Amino acid sequence: MEQETKPPAPSTDGNHPNAGYPGYSAPGYGYGYGEESPVHRTLQDYLLILRERIWYIIVVFLVVFSSALVYTLSRPKIYQSSASVQVFRRDPTIMQVQAVMDNEIRSAEDLNTQVKILESATIVQKVAARLSGKELADFLAPYKSEADETEPLTADVVLMRNRKIIPQRLTLIIVVQYQHTDPQLAAKIANMFVDEYINYNARVRIDESMKAVEDLKVRVEQQRKKVDELAMNLQAYRAKSNLVSLDERKDIVTEKLKALNMLVTQTTSRLADADVRLKQVRERRATKGDLTELPFIAASQPLIAQLQQQLSAQKIAMAQLRDRYREKHPRMIEATNLVNQTQRELDKAIRTAEAAIESEYQTALRNDQEARAQLSAQEAESLMIDRYGVEYDNMARELRINEQILQTILARTRETSMTSTIETQNARIVDHALPALRPSSPKVALNLALGLVGGLGLGLAFAFFVAYIDDRVKSSFDIEGVVGLPLVGIIPQIKRMEQPEKAQIVVNNADRQVSEAFLTLHSSLRLKDDTKNAKCLLTTSTIPGEGKSFITTNLALTFAAHGERVAIVDCDLRKPNIHKSFRVENLRGVIDVCNGTATIDEVVQRNLQPNLDVIAAGGRAKNPTQVLNSKNFELMVSDLRKRYDRVFFDTPPLAAVSDALIVLPLVDGSIFTIFFNKVRRKAAQFCAKKLLDANVPCVGAVLNGLNLTVSGYYYAQYYDKSYKDYYVVMAKDEEAEVR
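Residues numbered from 1 in each chain as written. Predicted model: local features only at pLDDT ≥ 70, side-chain atom pairs only at ≥ 80, totals over all residues. Heavy atoms only, no water.

- The protein carries the name Capsular exopolysaccharide family in an unreviewed UniProt entry, which gives Opitutus terrae as its organism.
- The Subcellular location (unreviewed entry) field of the UniProt record for the protein holds the comment "Cell membrane". (UniProt positions renumbered as here; feature names shortened; annotations may be inferred.)

Dropping the structure here:
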């Protein structure tokens, strides 16, 4: 891959022909030589951009500023009035009751809600409804021109468009602004917005309270019906379950249970005692023991104790009689009969006591069984009452709860009904709107300031934009920084004249500035090491029309005027031009010498000017590259070196064909012609790179056709007003001498 050659940086030691010349830097236009360009835009570059395009800036500024001025003066005067309202954090407390609506301002969202209410279409419609008659006509008068047949202009639309709601930062104050051409109407409408906002909140509260009262009344009727239904159900259940007096019945049953429990305890105890006595009696009888030894036997029958005492006394008496009498003694017999009689009575009394114990046991057993049966029945009845009581309590509890709910709803209904008639406001007016003394719009000073700043800003932006899209070579920095060639000469723009006169302008003195420019170029070439001894120089350009032939002829004439033998060779075999510059024939020339049909002496046209010979192209070649690549062309160049001090070769543009590159190895140096503000940087850069890559010294670039009206922007050191005045004074002096 071919390596790019970095262009030489502009000299800073003062020896460079254009060291320190101002111009556009390459990065500003998006072009640079190589990947890393050392050229950077300076403040002077920006100033040059503005100086060159000052009229763009002026025109854009005048358009913008005049538009702002016309707009400001054509706008009607608008007056703006402001009213402020303070939103309460919570509603005023008149009664210690809970409000239907919660209007407390707790956060920024709550305050923004109030702002949105002020901005709502509902408030706008309320304000619009208050405008009528002449007031409405005056209100809509400034906007009649905006009315449309398909969509007529209404007060709602105008109000919505011209009002502003501005919450004040870190406060609960909201400012309502309205603007109109009539200051009285502006103030009145701003106050209407505040009034309607306060009235709207009050109406909403009252409406919600009345609606809540109606809803509560419906709920009261529903709850009352439910309570009545529950009461009827409870009464029916009492009647069905014989629970007319459930509490009294439960008390009676409880008392009976207590009594029966005590009775069972007693009967059980008695039964146990009777059972013990009966068992003792049966055991004594089974063992044939003496029943009278049992204490309860004697205790149950007092007669037994008497009979026992009587029997003991009789036995004692019979024992005494036995000691005195025999068994058969009448008194013994009587005593014995008496003892037997008493014994029989005692046995009878014991049997009676035994039967009484047996009967007592049976009675205690029956009493215990009956008491237990009564206790079981009473317990069953108690369980039944408890079961009925649970359901009864549930029904009674539900009735009580619903009665409490009914009472709560009734109390809330009374409270809401009372508060619905009390008008409370959640905001108050801080400042009423007053008619404005001065219009708020149009703001003349601000609009004109914006027009001034905007005009300057847009003008500068437009100038930089034009500079950005303008990529033509026009400054020394473009040539040295972008194209990469040193600037060795600058030729001013000349007036319209015939080609032969232009080609020989240095000898006919048609333009003194141009002649002086070629003299300066001649001096520069003689001072440069690469060109002071160079015999063969090639001139070319990027595209046709850049004046390479003009530069060739006049530079050759300048060298010839200084006593050097100079030859001009027209190597543009496609569109030869040198013969036209000197008004000579183009019948024989380079083509004939290269084809071997003529010699140099036969084709050279001698002394067209003192010390100047010309070799024309000799027509148009069908194969110019073969002609220039021929051995005879090399021999011709070698022969011309011997005959002349300087030989100038005029070649075709590099962007079109490569003929110049064929001739380039045969010469000592090349001169690159660039026409001012015509060729694009990229194209010139590309062609210059071809010259530099040929390893033949490139003398530099000659800028042709410099417009003197803008020369001060780019080449102030060369052509400013003082130079122009100098040549004008010289011309006048010469005319005076001639006269």
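**Here we look at the overall build of the protein**
Here comes step 1: Within the protein, the secondary structure is distributed over 26 helices and twelve strands.
Here comes step 2: The 739 residues of the protein split such that 42% are buried.
Here comes step 3: For the protein, the proportion of contacts with a sequence separation of at least 24, taken over those separated by at least 6, is 80%.
Here comes step 4: As displayed, the protein offers around 40,600 Å² of accessible surface, 53% of which is attributable to carbon and sulfur atoms. (Helix = DSSP H or I, 4+ residues; strand = E, 2+ residues; numbered from the N terminus. Buried < 20%, exposed > 50% of the residue type's maximum accessible area, 1.4 Å probe, protein only. Contact = heavy atoms within 4.5 Å. Areas by Shrake-Rupley, 256 points an atom, 1.4 Å probe, with all protein chains shown as cover.)

**Some details on the nonpolar core**
Here comes step 1: Core analysis: the biggest nonpolar cluster contains 51 residues, and Val569, Phe633, Leu640, Phe649, Phe672 and Ile674 have the highest contact counts within it.
Here comes step 2: Apart from residues no more than four positions distant in its own chain, Leu640 is found in contact with Val569, Ile600, Ile615, Val647 and Phe649. (Core = buried A, V, L, I, M, F, W, Y, C linked by side-chain atoms within 4.5 Å.)

**Remarks on the packing of helix α16 (residues 512-527) against helix α17 (residues 548-561)**
Here comes step 1: Here α16 crosses α17 at 70°, and the two axes come no closer than 10 Å. What the angle tells us is that α16 and α17 run roughly perpendicular. In this structure, α16 contributes Val514, Phe518, Leu519, Leu521, His522, Leu525 and Arg526 to the contact, and α17 contributes Phe550, Ile551, Asn554, Leu555, Thr558 and Phe559.
Here comes step 2: Each residue belonging to the contact of α16 with α17 can be placed in one class, and the counts come to nine nonpolar, three polar and one charged. (Axes fitted to C-alpha atoms, helices over the stretch in contact; angles between N-to-C directions. Parallel < 35°, antiparallel > 145°, perpendicular 65-115°, else oblique. Nonpolar A, V, L, I, M, F, W, Y, C, P; charged D, E, K, R; others polar.)

**Re the packing of helix α2 (residues 54-74) against helix α12 (residues 444-469)**
Here comes step 1: Between α2 and α12, the least distance of the axes is 7 Å, while the angle of their chain directions is 155°. Our classification of the angle between α2 and α12 gives roughly antiparallel. Considering how the two elements wind past one another, α2 and α12 form a crossing that is right-handed.
Here comes step 2: In terms of residue class, the contact of α2 with α12 is made up of 18 nonpolar, six polar and no charged. (Left-handed = near helix turned anticlockwise from the far one by under 90°.)

**What about helix α7 (residues 183-240)?**
Here comes step 1: With 58 residues, α7 extends 85 Å between its outermost C-alpha atoms, agreeing within 8% with the 86 Å of an ideal straight helix rising 1.5 Å per residue.
Here comes step 2: Its side-chain oxygen 3.1 Å from the backbone nitrogen of Gln184, Asp182 forms the N-cap of α7. (Expected span 1.5 Å × (residues − 1). Polar contact = N/O pair within 3.5 Å; in protein donor to acceptor, adjacent residues only side chain to side chain.)

**Some thoughts on the pairing of strand β1 (residues 79-87)**
Here comes step 1: When β1 meets strand β3 (residues 173-180), the two strands line up antiparallel, connected through eight bridges. The partner of Val85 across the bridge, within β3, is Ile174.
Here comes step 2: Examined bridge by bridge, β1 and strand β4 (residues 427-431) share four bridges and lie antiparallel to one another. Its bridge partner lying in β4, Gln86 is registered against Arg428. (Pairing = 2+ DSSP bridges.)

**Examining the UniProt feature "transmembrane region" (unreviewed entry) in the protein**
Here comes step 1: In this structure's numbering, the residues bearing the UniProt feature "transmembrane region" (unreviewed entry) are residues 54-73 and 444-469.
Here comes step 2: The distance separating the terminal C-alpha atoms of residues 54-73 is 28 Å; by composition the span is 100% helix and 0% strand.
Here comes step 3: The distance from the first to the last C-alpha atom of residues 444-469 is 36 Å, and the span holds 100% helix and 0% strand.

**Topic: the sheet that holds β1**
Here comes step 1: One open sheet holds the four strands; their spatial order is β2-β3-β1-β4, and the pairing between them is antiparallel. With one partner strand each, in any of the chains shown, β2 (163-167) and β4 form the two edges of the open sheet. Looking at each pair of strands side by side, their axes are set apart by 25° on average, direction ignored.

**Concerning the sheet that holds strand β7 (residues 566-570)**
Strand pairing in a sheet relies on backbone hydrogen bonds, with the paired strands running either antiparallel or parallel.
Here comes step 1: Taken together, the eight strands give an open sheet; going across it, the order is β5-β12-β11-β6-β10-β7-β9-β8, and neighbouring strands pair in mixed fashion. Of all the strands in the sheet, the pair left with one neighbour each is β5 (487-492) and β8 (605-609). Along the sheet, successive strands turn relative to each other by an average axial angle of 25°, direction set aside.
Here comes step 2: Relative to strand β11 (residues 669-675), strand β6 (residues 536-541) is paired through five bridges, and the arrangement is parallel. Considered in β11, the bridge of Leu538 is made with Ser670.

**What to know about the environment of Cys687**
Here comes step 1: Its place among the elements puts Cys687 in helix α24 (residues 681-693).
Here comes step 2: Along the primary structure Cys687 and Ser541 are separated by 146 residues, whereas in three dimensions their C-alpha atoms are 8.0 Å apart.
Here comes step 3: Leave out the neighbours within four places in its chain, and Cys687 touches Thr542, Leu654, Ala655 and Phe672.

**Quick word on the pairing of β3**
Here comes step 1: Burial within β3 is extensive, with six of its eight residues counted as buried.
Here comes step 2: Here β2 pairs with β3 via five bridges, running antiparallel. Each bridged residue has a counterpart across the sheet, and for Ile165 the counterpart in β3 is Val176.
Here comes step 3: Linking β2 to β3, which pair antiparallel, is a turn of five residues; within it Leu170 sits at a positive phi near 60°.

**Observations regarding the packing of aromatic side chains**
Here comes step 1: Across all of its chains, the model carries seven aromatic pairs by this definition.
Here comes step 2: Ring centres of Phe518 and Phe550 lie 5.5 Å apart, and the angle between their planes is 75°; this geometry places the pair in the edge-to-face category. You can see Phe518 sitting in helix α16 and its partner Phe550 sitting in helix α17, a full 32 residues away along the chain. In this structure, Phe518 and Phe550 share a single accessibility class: buried.
Here comes step 3: Among the aromatic residues, ring-to-ring pairing joins Phe139, Tyr143, Tyr178 and Phe193 into one connected group. (Phe/Tyr/Trp six-rings, centres within 6.5 Å; stacked < 30°, edge-to-face > 60°.)

**Regarding the side chain of Asp659**
Here comes step 1: Within the secondary structure, Asp659 sits in helix α23 (residues 659-663).
Here comes step 2: Of the residues examined, Asp659 reaches a relative accessible area of 0% and is grouped as buried.
Here comes step 3: Setting aside anything within four residues of it in sequence, one finds Asp659 in contact with Arg574, Pro624, Thr625, Leu628 and Pro652.

**Some points on unusual backbone geometry**
Here comes step 1: Pro442 follows Ser441 through a cis peptide bond whose omega is 0°.
Here comes step 2: Topologically, Pro442 is positioned in the loop between β4 and α12.
Here comes step 3: Positive phi, normally seen in glycine, also occurs at Asn509, with a value near 50°.
Here comes step 4: Along the polypeptide, Asn509 turns up in the loop between α15 (505-508) and α16.
Here comes step 5: Asn509 gets classed as partly exposed once you look at its relative accessible area, which sits at 45%.
Here comes step 6: For Asn677, which is not a glycine, the phi torsion comes out positive at approximately 60°.
Here comes step 7: Locating Asn677 in the fold gives a position in the loop between β11 and α24.

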